[in-house]
Amino acid sequence: MTSGREIYWISATAHPAMQEKIDILKKVKVEVKVLPDFPALARTYPATRLNTIVIDDGILDGKNLDLLGRLTSHPEYAGVRFILSISHHQNEIVKRAIALGFRDVIPIDLSPDLWIRRYSFAASGQAADMADPYPQVTMKNISSLHIPARIAWMNERELWLESRLTPPVGTILTLGGGLAELMGVKHLTLKVMAHHKTHLHFRYSDALLCRWEVAKIHQDKKSVLKEFFRQQPRVIPIRIYGIIRAPELRRDLLRRLDPQKFQVSIALNKTNMIHEPRFIGPDIIIIEDRMCMGPNRAAFKEMLDYLSPDVPILIVGPQGIEEPFADISKNFRLLRSAKLPTNLDEYLIQQTGKTGPTQVGVTYIPKNHRMSFAHVMVPARLTRLHPDAAQLAIAWPLGRFGICGLEAPLFHHTLGRSVAFKVTSCHDHARANLQEFPYKIDGLLVDIRQAERRRLKDYLIAYFEQKIEESMGARRRIAVAEATALSPAAQPEALKEAQPETAIEINPSAEEYVPNKAPREPAPFRIPREIKIALWTIVGFVIIFVLIILFRPSQEEQGGNITEQLRIFQQQHSRPAEDSE
């Protein structure tokens, strides 16, 4: 069905930086088919469907940006790993690629070794680990993530949101995007009611059933949705999963079905054929006969292990009519036809048990309508940073491979914009100072080009040097204060011992360091409180001693007093002797 060792790269010209990366791919046995534009892809792709498509941002602008949405939502491109190669960094293009679920955004000016690592991680069909770059500067800075999400359907109270974020039931979320813009509000408030892992519509791993609301002062804005709901048909489309290798049969299937009534996905390869149906939750499967026979029989039977027996399976092709399928459970309903039925839409409605468009209390939003594009705003803490990577702490788990917008004052100071952050791993942690953010996520800063990486590197060096200077200055001031309480002979040795060692452990605070900021005045010398108390105690004793010396009687007066006291003592003790005589 597809080849994992070939990829498409869409670019008007193979410029030197791109040719360098193509040569690297050839060394690892990956063949690159360069196509000049999207029409060339449309002509080539049906015959040779490949897993990975790299799109150069040079062929995109505001006029043809909608092509990305139509491409990613086309049934034949389901499961394709799209990668955006950036050389110009047009911010709107990067944002659109992230919203559409692109697997990665990779600057073309990365070093060859880093570029191939990034490409391999993005194009991998299996879960893979990517080592984080070291060293990283530790910090604790305020930040926020804008996690892309898609709204599949909604009504006056609830909506179906698909995203890689998986908060627990009852969580309150803040939602921005097309729906909020249409209503003229900054954001909506969501309450998570349930989690779902099936009947998914987009390139995400989970769905959240949410109850939505706007602020009380904006209740009148809800009226804007009434006109939209009135214009859209309130029907549940029949979900079809096609496993078809022949281009003519795929084309015939898609041509004869109304996309408003039927939602079609086409398997890209055997792996997708096995696992995708359990996430899509199809109402019916249409499979070409050769895809469930011979060498493909094992994959077909494995797919059935994840499929409900209630789902009918239409086998199309002459071989399927003759095959007894004795090894397939009788619980499955196998339908056979030499070709697609003449009245295909009526046939599918009849076989799925849906005798007509079912009116429901929800409105399905067209996939490329601006209302379907949303983002969940999540507070975070930036805990580690490298010019190529970062580590964050957040409140809820976030799935791998997802790309989010990362907002932080640090990036606005250095780059003048927010950045794109791709999650490579997510784990819980036990840091006491981050109890409100129990999940640690590592990831890559995916859209930073070479010049911006240099600026970020310079910032980190300056930040690190400032923290070292502050740490050394603080330790020096404490040492001086402690040494003043010692004897003059002991002071030099104490100051020497107080010098910081070569390795200094730095744990910067949340205070932002702003490059090129005017240098701060050195802090005035302050004696620690304990030393002040000791000094004042000593001064007090000295004063008391001086007062005693100044106001004590003279020695003559003291001698006279003693003589008089002796005379009286002698008189008192001589009387008993005289009386006894």
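We now turn to the structure provided with this report. (Residues numbered from 1 in each chain as written. Predicted model: local features only at pLDDT ≥ 70, side-chain atom pairs only at ≥ 80, totals over all residues. Heavy atoms only, no water.)

Let us look at the packing of helix 9 (residues 270-280) against helix 10 (residues 297-305). Closest axis-to-axis distance for the helix 9/helix 10 pair is 8 Å, and the angle between their directions is 15 degrees. Comparing the axis directions of helix 9 and helix 10 gives the class roughly parallel. Along this stretch, helix 9 crosses helix 10, giving a crossing that reads as right-handed. Between helix 9 and helix 10, the residues in contact are M273, I274 and P277 and A299, F300, E302 and M303, respectively. Tallied by class, residues from the contact of helix 9 with helix 10 come to six nonpolar, no polar and one charged. (Axes fitted to C-alpha atoms, helices over the stretch in contact; angles between N-to-C directions. Helix = DSSP H or I, 4+ residues; strand = E, 2+ residues; numbered from the N terminus. Parallel < 35°, antiparallel > 145°, perpendicular 65-115°, else oblique. Left-handed = near helix turned anticlockwise from the far one by under 90°. Contact = heavy atoms within 4.5 Å. Nonpolar A, V, L, I, M, F, W, Y, C, P; charged D, E, K, R; others polar.)

Attention now goes to the nonpolar core. Counting 55 residues, the largest nonpolar core has L145, F411 and L445 as the members making the most contacts within it. Per-element accounting of this core gives the leading share, seven residues, to strand 6 (residues 137-154). With 35 residues, the next largest nonpolar core counts L50, L84, V105 and A420 among its residues. (Core = buried A, V, L, I, M, F, W, Y, C linked by side-chain atoms within 4.5 Å. Buried < 20%, exposed > 50% of the residue type's maximum accessible area, 1.4 Å probe, protein only.)

Moving on, we come to the sheet that holds strand 11 (residues 238-243). Overall, parallel pairing links the five strands, which are arranged 12-11-13-14-15 in an open sheet. A single partner strand is all that each edge strand has here, and the edge strands are strand 12 (262-266) and strand 15 (334-337). Looking at each pair of strands side by side, their axes are set apart by 20 degrees on average, direction ignored. As paired strands, strand 14 (residues 313-316) and strand 15 are joined by four bridges and run parallel to one another. Following the sheet pairing, L314 is matched in strand 15 by L335. The sheet strands contacting helix 9 are strand 11, strand 12 and strand 13 (284-288), and the helix crosses strand 11 at an angle near 175 degrees. (Pairing = 2+ DSSP bridges.)

What follows is about the pairing of strand 14. Residues I313 and I315 point to one face of strand 14 and L314 and V316 to the other, with burial holding for every one of them. Taken together, the four bridges between strand 13 and strand 14 define a ladder with parallel strand orientation. What sits directly across from E288, in strand 14, is V316. What joins strand 13 to strand 14 is helix 10, and the crossover it makes is right-handed. (Right-handed = clockwise from strand over helix to strand, strands pointing away.)

Just geometry here; none of it tells us what the structure is for.
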